[in-house]
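Secondary and tertiary structure notes
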Amino acid sequence: MNANSASASPPAPALDLEPAARRVAGLLAAIDDDRLADPTPCPDYAVRELLGHLAGLAAAFRDAARKDLGASTALSPDASLPVLGDDWREVLPRRLEEVAAAWRSPAAWTGLTRAGGVELPGEVAGAVALNELVVHGWDLARATGQPYEAGEAELRSCAALLAPAGDDTGGTDDTSNASGTGGADSADSADSAGLFGPAVPVPDDAPLLDRVIGLSGRRPDWRPGS
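Residues numbered from 1 in each chain as written. Predicted model: local features only at pLDDT ≥ 70, side-chain atom pairs only at ≥ 80, totals over all residues. Heavy atoms only, no water.

Some points on the overall build of the chain
This is how the line gets drawn: Helical segments are the DSSP runs of H or I of at least four residues, strand segments are the runs of E of at least two, and each set is numbered from the N terminus. For this analysis, residues touch if any pair of their heavy atoms sits within 4.5 Å. Note that accessible areas follow from Shrake-Rupley with a 1.4 Å probe, and for residues the cover is restricted to the protein chains shown.
Counting its secondary structure elements, the chain contains 8 helices and 2 strands. For the chain, the N- to C-terminal ordering of α and β elements is α-α-α-α-α-β-β-α-α-α. Counted over contacts in the chain with a minimum sequence separation of 6, partners at least 24 positions apart contribute 70%. Accessible surface, the chain as shown: approximately 10,400 Å² in total, 50% of it carbon and sulfur.

And the structure:
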């Protein structure tokens, strides 16, 4: 490869989805079938629907990264309640691996793509995909009584994405442009269905994860039955 071709190559991805995808996958073994009807922080979703949503979004954002714009990227998330297949214990971990691998390609972050029926720049779609994995991973952990943590770079990207347009705080310093997304309006309705509602106030000195969860419309102290 000569110097000119190297300089023309897309830059390496700024965000890595693998840790977030791996965390979600790590939660699955502890979920017995009798937990599938349990509530989650998403009011319209039990654990069953949340798992179905994760399987669907993993496929959609995998294909968005590949620019394989078909049925998986055209479906709006509020079209219907997700249906969890009987083979989800095999399918979901595989899809999580695939979505993380797809976004390791620098080309995934360039040009235009589509997810949830919304056309997005690649860099925005990648940040949305990460946010989906981080926030819904928290949802799943909280619904099933498991611990959950996320990396600072991931959380800063999520805060930048979820912060209201024109808000350069994102609940923390230096987050407004961390993902290059320009705030929540850039993601438009890539995840609707009431899964990301109006921000819940959280103290400025709260942990960064709690501030991100508040920005996503959830109470950081949510527990089943609360």
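Remarks on the side chain of R62
Condition: Each polar contact in these results corresponds to two N or O atoms within 3.5 Å; when the atoms are within protein, one needs to be able to donate a hydrogen and the other to accept it, and residues that are neighboring in sequence are counted only if both atoms are side-chain atoms.
Residue position: R62 is located in helix α3 (residues 47-66). Of the polar contacts made by the side chain of R62, one reaches the side chain of E98; its length is 2.7 Å. Leaving out residues up to four positions away in the same chain, R62 has contacts with R95, E98, V99 and A102.

Thoughts on the packing of aromatic side chains
Counted only if it meets this: To pair, rings of Phe, Tyr and Trp, with the six-membered ring standing in for Trp, must have centres within 6.5 Å; the planes then decide the type, stacked if under 30 degrees apart, edge-to-face if over 60, and tilted in the middle. Burial classes follow relative accessibility: with a 1.4 Å probe on protein chains only, a residue under 20% of its type's maximum area counts as buried, one over 50% as exposed, and anything between as partly exposed.
Scanning the entire structure with this criterion turns up 1 aromatic pair. With a centroid separation of 5.0 Å and 70 degrees between ring planes, the pair formed by W103 and W109 is classed as edge-to-face. Neither W103 nor W109 differs from the other in exposure class; each is buried.

Topic: the pattern of salt bridges
The following threshold applies: The salt bridge criterion pairs a side-chain nitrogen of Lys or Arg with a carboxyl oxygen of Asp or Glu, the two atoms within 4 Å.
Under the definition given, this model contains 10 salt bridges. Here D33 ties to R89 by a salt bridge, and the two come within 3.1 Å at their closest N and O atoms. Residue D33 is found in the loop between α2 (18-27) and α3, and its partner R89 is found in helix α5 (residues 88-102); the two are separated by 56 residues along the sequence. Residue D33 is classed as exposed on the basis of its relative accessible area, which comes to 53%. Of the charged contacts, one joins D38 and R35 as a salt bridge, the two residues approaching to 2.5 Å between their closest N and O atoms. Residues joined in a network through salt bridges with shared partners are E18, R22 and R104.

Details of the nonpolar core
For clarity, the cut-off: In this text, buried Ala, Val, Leu, Ile, Met, Phe, Trp, Tyr and Cys residues form a nonpolar core when linked through side-chain atoms within 4.5 Å.
Residues I31, L51, F61, W103, L133, L140 and V212 are the most contacted members of the largest nonpolar core, which totals 59 residues. The set of elements that each furnish at least two residues to this core consists of α2, α3, α5, β2 (118-121), α6 (122-143), α7 (152-162) and α8 (208-215). When residues in this core are grouped by element, the largest group, 13 residues, is from α6.

Notes on the pairing of β2
Counted only if it meets this: Strand pairing follows a simple DSSP-based rule, namely that at least 2 bridges must link the two strands.
Residues V118 and L120 line the buried face of β2, whereas the alternating positions E119 and P121 sit on a face that is not buried. Across 4 bridges, the pairing between strand β1 (residues 112-115) and β2 is antiparallel. Residue pairing across strands places R114 opposite E119, the latter belonging to β2.

Concerning the confidence of the model for the chain
Rules: pLDDT gives the predictor's per-residue confidence on a scale running from 0 to 100.
Per-chain confidence: the chain averages 85 in pLDDT, with 81% of residues scoring 70 or above. Across residues 168-194, where pLDDT falls below 50, the model places 69 contacts with residues more than four positions away in sequence or in other chains.

Looking at the packing of α3 against α6
Formally: To define axes, lines are fitted to C-alpha atoms, for helices over the stretch in contact only, and angles between the resulting N-to-C directions are given on a 0 to 180 degree scale. Should an angle fall under 35 degrees it is taken as roughly parallel, and over 145 as roughly antiparallel, whereas 65 to 115 is taken as roughly perpendicular and any remaining angle as oblique. Crossings are classed by handedness, with left-handed meaning an anticlockwise turn of the near helix from the far one by less than a right angle and right-handed meaning a clockwise turn. Residues were grouped as follows: Ala, Val, Leu, Ile, Met, Phe, Trp, Tyr, Cys and Pro as nonpolar; Asp, Glu, Lys and Arg as charged; and all remaining residues, including Gly, as polar.
Viewed as axis vectors pointing N to C, α3 and α6 meet at an angle of 160 degrees, and their least axial separation amounts to 11 Å. One finds that α3 runs roughly antiparallel with respect to α6. Read as a crossing pair, α3 and α6 show a hand that is left-handed. Residues V47, L50, L51, H53, L54, L57 and F61 of α3 form the contact with α6, whose participating residues are A125, V128, A129, E132, L133, H136, D139, L140 and A143. Looking at side-chain class alone, the contact of α3 with α6 contains 12 nonpolar, 2 polar and 2 charged residues.

With respect to α5
What counts, and what does not: In this scheme, a helix's expected span is set at 1.5 Å multiplied by one less than its residue total. Each direction from the helix axis to a C-beta atom contributes to the arc, which is the arc of those directions.
For α5, spanning 15 residues, the distance from its first C-alpha to its last is 20 Å, which sits close to the expected 21 Å at 1.5 Å a residue. Listed as buried for α5 are W88, V91, L92, L96, V99, A100 and A102. In an axial view of α5, the angular spread of the buried residues amounts to 165 degrees, which keeps them on one side of the axis. With respect to the buried face of α5, the exposed residues turned more than 90 degrees away are E90 and E97. Of the surrounding secondary structure, the elements contacted by the buried residues of α5 are α2, α3 and α6.

Examining α8
The buried fraction of α8 amounts to 7 of the 8 residues, a majority that puts the element mostly inside the structure. Taken as a whole, α8 has its buried residues at L208, L209, R211, V212, I213, G214 and L215. Residues of α8 that are buried in the fold lie against α6 and α7. Once α8 ends, the next one or two residues include G217, with phi positive near 90 degrees.

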